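Breakdown of the fold
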Amino acid sequence: MAESEYAIECENLVKIYKTDKVEVVALQGLDLQIKRGELVAIVGTSGSGKSTLLNMLGGLDKPSAGSLTVNGRNLLKFTEEDYMIYKRNTVGFVWQNNARNLVPYLTAVQNVELPMLLQGQKQRREKALELLEAVGLSNRVNSRLDQMSGGEQQRVAIAISLANDPAILLADEPTGSVDTKTSDQLLQVFKDINQKRGVTVVIVTHDLRLAKQIDRVISIRDGRTSSEIIKKSHAEIMSESQGWDEGGEEAAEEVSEELIVLDRTGRLQIPKEYLEALEIKGGTKVKAELDQESGRIYIRKAQ
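In this text, all values refer to a predicted model and were calculated from it rather than measured experimentally. (Residues numbered from 1 in each chain as written. Predicted model: local features only at pLDDT ≥ 70, side-chain atom pairs only at ≥ 80, totals over all residues. Heavy atoms only, no water.)

As for a nonpolar patch on the surface
So the rule is basically this: Residues forming no salt bridge and having over 30% relative accessible area are the ones grouped into patches, like charges within 9 Å of each other and nonpolar side chains (Val, Leu, Ile, Met, Phe, Trp, Tyr) within 5 Å. Each accessible area is a Shrake-Rupley result for a 1.4 Å probe, and residues are judged covered by the shown protein chains and nothing else. Whenever Lys or Arg places a side-chain nitrogen within 4 Å of a carboxyl oxygen from Asp or Glu, that contact is recorded as a salt bridge. Numbered from the N terminus, helices here are DSSP runs of H or I no shorter than four residues, and strands are runs of E no shorter than two. Only protein chains enter the area calculation, which uses a 1.4 Å probe; residues under 20% of their type maximum are buried, those over 50% are exposed, and those in between are partly exposed.
On the surface, a nonpolar cluster with roughly 240 Å² of combined accessible area is contributed by Tyr17, Val22 and Val24. With respect to the helices and strands, valine 22 occurs in the loop between β1 (6–18) and β2 (23–35). What makes valine 22 partly exposed here is its relative accessible area of 45%.

Spelled out as C-alpha cells, the structure:
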C-alpha cells in the first residue's frame, strides 16, 4: 500500500464531551488534510474546537466518531497501548504554559535530556546539546529556568518536544505569553525545524498577526473547518476575479483572500458575517442558483 501524501487526515471528525447533565459537541463533522512536511496555523475563536483537535492529534483525547488518520493510522482504532507508543514516537507537543513542559530546578540541557532518560536512550547529552543549538540556545545549556527569559524557556520546551524525533510537532498557543519580538523569533524557530528537519508543524493560535506569517492558515468555526486564508498578491486576486492585467505597484502588495472550504460531502459552512449581511438565520431555507456563464453560485432566501 502506497504511503499517503498526508500526515494528518480528518474526515467527518466528531468529538462529544458528556457529563451526567449535559452533552457538548466540540467538533461536529470536521474535515481537514495536512500534507507531510507542511507548516500550518489553525485559528478560531474560543470554543471553536481548535484546541480539542490539537489534543486529539496529540493523543491526549479520543475522537468520538468519524476518522482521524495520522501517518496512515486511524486513531479511532487505537488501544491504550497504541496511544502510549504513538505519544512516545510520533508526536511532539509544545504548550503555552511552560510549567507543563519544564522542570524548574533543572538546567536547560537536563530538561531536554529528561524524556530521553525516561525512554532509556543513549548519547542523551550529545543529542540534547544538538537540539538546544537547533533552537538557538547553545549559550544557555547550563542555565536554570529562573535565569532565562520566557522566550528562552519556550525554546527549551521546543527542544524537548523534538527529543523523540517526532514526525509531527504540535504547538498550542506557543507565543501566547511573550511579546511581539519574541513571538516572531519563536515562529522562526518553528519554520527552521519545519524546513531543515522536515517535521510537519501544526500551530494553534488566536494571534492573527502571527498567523499571517504562515503560508497556510486554516480557520475553524463551530467545530468544522470553515475556510482557508490564502496569501496572494493583490494582482493575483484581481486578475482571478476581474481579468485584471497584472503589473503596477499593486502587484507587490500582499493581501489575504479567504476561501470557504467545500467538504467531501458537498457541504459549505458560510461565514456568519455573510449570513448576517444576507439576513439569513440558521435553519432558514435558501436557494442556490448557478450562473453557467460565470461559474458562480448565488445564494438567497427561499420565498
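Digging into the packing of helix α3 (residues 108–118) against helix α5 (residues 150–161)
Formally: Fitting a line to C-alpha atoms yields each axis, with helices limited to the stretch in contact; the angle taken between N-to-C directions then spans 0 to 180 degrees. Here the angle decides the label: under 35 degrees means roughly parallel, over 145 means roughly antiparallel, 65 to 115 means roughly perpendicular, and every other value means oblique. By convention, the crossing between two helices is left-handed when the near helix turns anticlockwise from the far helix through less than a right angle, and right-handed when the turn is clockwise. Whether two residues touch is decided by their heavy atoms; if any such pair falls within 4.5 Å, the residues are in contact. Only Asp, Glu, Lys and Arg are considered charged, only Ala, Val, Leu, Ile, Met, Phe, Trp, Tyr, Cys and Pro nonpolar, and every remaining residue, Gly among them, polar.
Close contact between α3 and α5 brings their axes to 8 Å; oriented N to C, the two are set at 25°. Considered as vectors, α3 and α5 are oriented roughly parallel to each other. Along this stretch, α3 crosses α5, giving a crossing that reads as right-handed. Judged by residue contacts, Ala108, Asn111, Val112 and Pro115 of α3 engage Val156, Ala159 and Ile160 from α5. A per-class count over the contact of α3 with α5 returns six nonpolar, one polar and no charged.

Description of the pairing of strand β4 (residues 65–70)
The following threshold applies: Strands were regarded as paired on the criterion that DSSP finds at least two bridges between them.
In terms of strand pairing, β1 meets β4 through five bridges, oriented antiparallel. From the neighbouring strand, glutamate 9 faces β4, where its bridge partner is threonine 69. Pairing analysis gives two bridges linking β4 to strand β5 (residues 73–74), with the strands arranged antiparallel. Its bridge partner lying in β5, valine 70 is registered against arginine 73. Connecting β4 to the antiparallel partner β5 that follows it, the hairpin turn spans two residues, and asparagine 71 within it adopts a positive phi of roughly 50°.

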